[in-house]
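Examining the three-dimensional arrangement
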Amino acid sequence: MRRLSFVIWSLIVLASGNCGRGGPTPAGALSVAKTLDDVFGSKSEVQLELTDDGALAEITDLAVDIRGNFIVADGVRLNRVWLFSPEGKLLGILGASGQGPGEYSSPLSVAVDGEGQILVNDYFRMKIIVYDREYRYRREIGPVRGHYLHVEHGGRIYLYDGMVPPRAQGLFDTVKALDRAGELLFSFAPIPEAALESRFSRLADGMDIGRSGRIYEMNHLVYRIREFTPEGKLIKSFGNPEARQTAAAGEAPLDLNGPFCLASGLVIVQRENVLDIFDNDGTLAASGIPCDRRILLARGNAIYLEAWDEADEQGKGSNPRIVRYELRP
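In what follows, the accompanying structure is described. (Residues numbered from 1 in each chain as written. Predicted model: local features only at pLDDT ≥ 70, side-chain atom pairs only at ≥ 80, totals over all residues. Heavy atoms only, no water.)

1. Side note on the sheet that holds strand β18 (residues 215–217)
Remark on secondary structure: sheet strands pair via backbone hydrogen bonds, oriented parallel or antiparallel. Going by this rule: At least two bridges found by DSSP between two strands is the condition for calling them paired. Helix and strand definitions follow DSSP, with helices as H or I runs of at least four residues and strands as E runs of at least two, each counted in order from the N terminus. Note on geometry: axes are C-alpha line fits, over the in-contact stretch for helices, and angles between N-to-C directions span 0 to 180 degrees.
Pairing within the open sheet is antiparallel, and its 4 strands lie in the order β17-β18-β19-β20. Two strands bound the open sheet, and with one partner strand each, they are β17 (207–209) and β20 (234–238). Ignoring strand direction, the axes of neighbouring strands in this sheet form an average angle of 15 degrees.

Next up, the structure:
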């Protein structure tokens, strides 16, 4: 999100099987990495077209469909979902704001399933809207409650909600697993007690699905990554022992972003404009790699970041650029 108080924090978990089936990046290469270019071998930028209908305010979520088109959601300020081509040309608005079938009021999160269908999570109306790969409305799933939407390639839906509600009274599970009809299968990943004790709250996505189906979760008020099986069983947790774990009284809140899984077995999270890199055992392989743009998405072995330019002297701004980094082979 452009204006939300997110400071980007990045974590990359190195593994040969947990987040994907590709070959792992050599640990020795990561241990000497100092810049993004040391980790990612290529970089490309796409300027999203600015039109009267396509002026963005914030990006609350980003997905890439089977055509390579960008699906951009703003479920906080403008409450729309836009389609942009791989070259950044505005193709139109997906669905519409409203109360009818296929319409939404707060499209906070978007995802693309294994069949190429596009799912939009309308948070306030407690429903998931499904469009086919031709962007035609198909059906709605609900009522469901959760902020951020993830779809496993086998069809299972996960909803993440790690925001601490006002006057929270006790622990609650942050991840819900649903079937394709929206029925709750199970929930897991209880919110850390340290997050409940914090005087802060934050609306942010805190999970991703590895290609092996394992779930990586991190609450944005507590620096601790937890790895779960697809059925919600905790495998391990890890973090950077040299970084702040929570925000104490009088301190600025933690600003974390991620985790994001790469197909090679890496997981990315951002911490105060730097990256930390962990191997599959949760051992810190590298840290302090500068990255001052917010990561929006990991797809395959690429990460996508948003880059907003300042307004000119006449106060005119532009839509952001989507910056894509591809992992070195």
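2. What to know about the sheet that holds strand β14 (residues 157–160)
Taken in spatial order, the 4 strands make up an open sheet running β13-β14-β15-β16, and their pairing is antiparallel. The two strands at the open ends of the sheet, each matched to only one other strand, are β13 (148–151) and β16 (184–190). Pairs of neighbouring strands in the sheet enclose a mean axial angle of 20 degrees, with direction left out of account. Judged from the 5 bridges that link them, strand β15 (residues 173–178) and β16 form a sheet pairing that is antiparallel. Bridging from a neighbouring strand, V175 pairs with F188 of β16.

3. Description of the layout of surface pockets
We count it as follows: Only protein atoms enter the 1 Å grid, on which a cavity is a set of points fitting a 1.4 Å probe that cannot get out and a pocket is an open set with protein on both sides within 12 Å along at least 5 of 7 lines, lining residues being those with an atom within 4 Å of a point. Grid points are joined across faces, edges and corners, and a volume is the space filled by probe spheres set on the points. Three classes are used, and their members are as follows: Ala, Val, Leu, Ile, Met, Phe, Trp, Tyr, Cys and Pro are nonpolar, Asp, Glu, Lys and Arg are charged, and the others, Gly among them, are polar.
Considering only enclosed or pocket space, the largest pocket measures out at about 910 Å³ in volume. What lines the largest pocket is a set of 45 residues, and nearest its centre among them are H150, D208, L297, A298 and R299. Taken together, the elements giving at least two residues each to the lining of the largest pocket come down to β3 (61–64), β9 (107–112), β13, β17, β21 (256–261) and β25 (295–299). When its residues are assigned to classes, the lining of the largest pocket shows 25 nonpolar, 11 polar and 9 charged.

4. Re the packing of aromatic side chains
Formally: Side-chain rings of Phe, Tyr and Trp, where Trp is taken by its six-membered ring, are said to pair if the distance between their centres is within 6.5 Å; with planes under 30 degrees apart they count as stacked, over 60 as edge-to-face, and otherwise as tilted. Charge over a ring is defined by NZ of Lys or CZ of Arg lying within 6 Å of the ring centre and within 35 degrees of the ring normal.
Applying the stated rule across the entire model yields 7 aromatic pairs. These aromatic residues form a ring-pair network of at least three members: Y158, F186, F188 and F228. Over the ring of Y123 we find R145; its NZ or CZ atom is 4.6 Å from the centre of that ring.

5. A look at empty space enclosed by the protein
In the structure shown here, the tally under the stated rule is 1 cavity of 30 Å³ or more. Approximately 50 Å³ is the volume attributed to the largest cavity. For the largest cavity, the full set of lining residues is Y160, G162, M163, R202, A204, N219, H220 and L221. In terms of residue class, the lining of the largest cavity is made up of 4 nonpolar, 3 polar and 1 charged.

6. Observations regarding the side chain of R321
This is how the line gets drawn: Burial status follows relative accessibility: with a 1.4 Å probe on protein chains alone, a residue under 20% of its type maximum counts as buried, one over 50% as exposed, and anything between as partly exposed. Polar contacts here mean pairs of N or O atoms no more than 3.5 Å apart (in protein, one a potential hydrogen donor and the other a potential acceptor; neighbouring residues in sequence count only if both atoms are side-chain atoms). Working rule for contacts: check all heavy atoms of both residues, and any pair within 4.5 Å makes them a contact.
With respect to the element layout, R321 can be found in strand β27 (residues 321–327). Exposure remark for R321: the relative accessible area of 14% places this residue in the buried category. Within polar-contact distance, the side chain of R321 engages the side chain of D309 at 2.8 Å. Apart from residues no more than four positions distant in its own chain, R321 is found in contact with E45, V46, Q47, R293, L305, E306, A307 and D309.

7. Topic: the environment of H147
Here H147 shows up in the loop between β12 (137–141) and β13. When the C-alpha positions of H147 and L203 are compared, they lie 8.1 Å apart, and in sequence the two are 56 residues distant. Apart from the residues within four sequence positions on either side, H147 is in contact with L108, S109, N121, Y123, Y160, D161, M163 and L203. Of note is the side chain of H147, whose polar atom sits 3.5 Å from the side chain of Y123.

8. Quick notes on the pairing of strand β11 (residues 127–131)
Of all 5 residues in β11, 5 are buried, a share of seventy percent or more. Alignment of strand β10 (residues 118–122) against β11, held across 5 bridges, turns out to be antiparallel. Residue D122 lies in a different strand from β11, and its bridge partner there is K127. Here β10 hands over to β11 after 4 residues, with M126 in that stretch at a positive phi of 55 degrees. Of the strand pairs in this sheet, β11 and β12 are connected by 4 bridges, and their pairing is antiparallel. Across the sheet, residue I129 finds its bridge partner in β12, namely E140. Turn length for the β11-β12 hairpin, with the two strands adjacent in sequence and antiparallel, is 5 residues, and the turn residue Y135 shows positive phi of about 70 degrees.

9. Description of the pairing of β3
Because side chains alternate across β3, one face comprises the buried residues D61 and A63, and the other comprises L62 and V64, equally buried. Sheet analysis places β3 next to strand β4 (residues 70–74), joined by 4 bridges and oriented antiparallel. In the sheet register, V64 faces β4, and the bridge partner there is F70. As consecutive antiparallel partners, β3 and β4 are separated by 5 residues, and within that stretch G68 has a phi angle of approximately 85 degrees, a positive value.

10. Comments concerning the nonpolar core
Defined as follows: What we call a nonpolar core is a set of buried Ala, Val, Leu, Ile, Met, Phe, Trp, Tyr and Cys residues that are connected through their side-chain atoms within 4.5 Å.
With 22 residues, the main nonpolar core has V39, F40, L262, I268, I303, L305 and Y325 as its most contacted residues. Listing elements by their share of this core, those giving two or more residues are α2 (36–39), β23 (274–279), β24 (284–290), β25, β26 (302–307) and β27. Setting aside chain neighbours within four positions, we find I303 in contact with F40, L262, I268, I295, L297, A298, V323, R324 and Y325. Among the nonpolar cores identified, the runner-up in size contains 17 residues, and L56, I59, V64 and W82 belong to it.

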